[in-house]
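Listed below are the residues making up each chain.
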Amino acid sequence: MIGEEEVLRALRDIAGRRDPVPDNVLAAARASIAWRDPDAALAQLTADSAASRLVAVRGGGSPRLLSFFGGSLTIDVQATTRAGAVEMVGEVSPAVPARVVLESPSGSVETDVDGEGRFRFQGVVAGSVRLRCEPVEGAAVHTEWVLL
Amino acid sequence: MIAFETMAEPENAEVLRAAATGDQKAWESIVDRYANLVWSVARSFQLAQSDASDVSQATWLRLVEHIDDVRDPDKLGSWLATTARREALALLRRGGRDVPAGAATDFVGTLAGSLASSDEEPDAGVLRDERDAALWHEFRTLSEPCQQLLRVLIADPPPSYAEVSAALDLPVGSIGPTRQRCLGTLRRRLGST
C-alpha cells in the first residue's frame, strides 16, 4: 500500500499540473498592490442585504443593497445585476457636491453626484468594485471592496 | 517523512511593511508565496474557475486594503486563508455567478476533462495519466469534507495546519486525525484495485 505522504504528493502533483493558479489570476493578484489608496479614508461596509438573505441569486435581477460609512460620509448603493452587467444607483449623504469614481480592476468610470447626492453607473462588469467619493470640499473617501 | 507544517515566516513583517509602502517586488513575493493557497481554498469549496478567480482577486484586494493593519504578520497565510474562505462562502450564499448552464467548469470537471484527454502529453505519459486517473477517481469517491480538506492540504507550498484550520474553520487539533482517516480510506481503495 502506498504511503500517506506519497498519496498527498501525487495529488499535489496532479493539482499542480491540472488546476494551477491561472496566469490571469496570478497577474491580477500581482497587480492589485496598485490599488493601495492610503490618502483616502476607508468607508466600511455597514450593511449588505446579500449577507442577511438566506438564498439570493447572484445575477438574478434582485437588487443588492449596500451601505458604507466612513470619513463622515454615508454611501448607500443599490446594485442590480442582469446578464453579467451591474447597474449601481447610489446616494451620498450628506448631499455635498462630489465626484464619485467606480473603481474596478476591469476599468474605472466616474460621475458627479446630482443636487441630492445621487449617482448612477450602468454596465458595470461583475467582479470586485469599490467607490471613491471625492467631495469638492473635504477629504476623499473610498469604500471597502465588494464582490458583485 | 516530510512534516506538513511549514516554518513561520519571520520575514513576513518586513516584507509586509515594504509592500505597504507600495514596493512591487515585496508585494509579488507575498503573492507568489500564497497565491496557490488562496486558489486552493477557493477551489476546495468547489467553485468554478470564474468564481474562484473572483474570490482570489477579492482576497488579494482585501489584503491591500488592510495591509497596514494585519495584526500578526507571521499569520499572514492564515489571514489570507480566512479571507478566501469568507469570500467563497459569501459568493456561494449569493448563488454563484450568473453563467449559462454548462459553461461553469468546476475543479472536478477541469480535472476529469484533462485526465480524459491524454493527447496533451503524448509520451510523458500514459502511465502517469493512468496512475493520476486512478488516484483521482478514488479521490472523487471520498466524502465531501475529505475532498475539501485534501484540496487545501495539497496547496503548494504545503500549508501549515494553522493555515488549513483558517481555510476550513476547523480546530487545528482535528486536522491531523481527519487527514489520516481520509488518506487511510484513499490508500485502502487504491490498494484494493
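Right above here is the structure, for reference.
All values derive from a computational prediction rather than experimental measurement.

Colleague: In this structure, what is going on with the interface of chain B and chain A? I would like to understand it.
Modeller: Across the contact, 67 residues belong to chain B and 50 residues belong to chain A. For chain B, the biggest contributors to the area lost against chain A are Leu 61, Arg 94 and Arg 187 of chain B; these three give 15% of the whole. At the boundary of chain B with chain A, the tally comes to eight salt bridges. Notably, a salt bridge pairs Arg 43 of chain B with Asp 19 of chain A, separated by 3.0 Å at the nearest N-O pair. At the boundary of chain B and chain A, one finds 20 residue pairs in polar contact (both at pLDDT 80 or more). Put simply, the parts of the chain that give the side of chain B that touches chain A at least two residues each are α1 (12-20), α2 (24-44), α3 (49-65), α4 (76-93), α5 (107-116), α6 (126-140), α7 (144-153) and α9 (172-191) of chain B.

Colleague: Just checking my understanding: could you explain unusual backbone geometry for this structure?
Modeller: Outside of glycine, negative phi angles account for most residues, and trans bonds account for most peptide bonds. Each neighbour pair has its own omega, and for Ser 93 of chain A with Pro 94 of chain A the value is 0 degrees, a cis peptide bond. Position of Pro 94 of chain A relative to the elements: it lies in the loop between β4 (85-93) and β5 (98-103). Geometrically, the link from Asp 156 of chain B to Pro 157 of chain B is a cis peptide bond, its omega value of 0 degrees lying close to zero. With respect to the helices, strands and loops of the structure, Pro 157 of chain B is situated in the loop between α7 and α8 (161-168). Located in the positive-phi region is Gln 46 of chain B, a residue other than glycine, with phi close to 65 degrees. Secondary-structure assignment places Gln 46 of chain B in the loop between α2 and α3.

Colleague: Is there a simple way to think about the nonpolar core in this case?
Modeller: One broad trend across soluble globular proteins is that nonpolar side chains are buried collectively. If you look at the biggest cluster of nonpolar residues, it comprises 63 residues, and the most contacted ones within it are Leu 11 of chain A together with Trp 27, Ile 30, Trp 60, Leu 150 and Leu 186 of chain B. Per-element accounting of this core gives the leading share, 11 residues, to α2 of chain B. With near-sequence residues (within four places) excluded, Ile 30 of chain B lies in contact with Val 15, Leu 16, Ala 19, Trp 60, Leu 63 and Leu 76 of chain B. In this structure, Ala 43, Leu 73, Val 124 and Leu 148 of chain A belong to the second largest nonpolar core, which totals 24 residues.

Conventions and cut-offs
- Residues numbered from 1 in each chain as written.
- Chains lettered and ligands numbered in written order.
- Predicted model: local features only at pLDDT ≥ 70, side-chain atom pairs only at ≥ 80, totals over all residues.
- Heavy atoms only, no water.
- Contact = heavy atoms within 4.5 Å.
- Buried area = accessible area lost by both parts, 1.4 Å probe.
- Salt bridge = Lys/Arg side-chain N within 4 Å of Asp/Glu carboxyl O.
- Polar contact = N/O pair within 3.5 Å; in protein donor to acceptor, adjacent residues only side chain to side chain.
- Helix = DSSP H or I, 4+ residues; strand = E, 2+ residues; numbered from the N terminus.
- Core = buried A, V, L, I, M, F, W, Y, C linked by side-chain atoms within 4.5 Å.
- Buried < 20%, exposed > 50% of the residue type's maximum accessible area, 1.4 Å probe, protein only.

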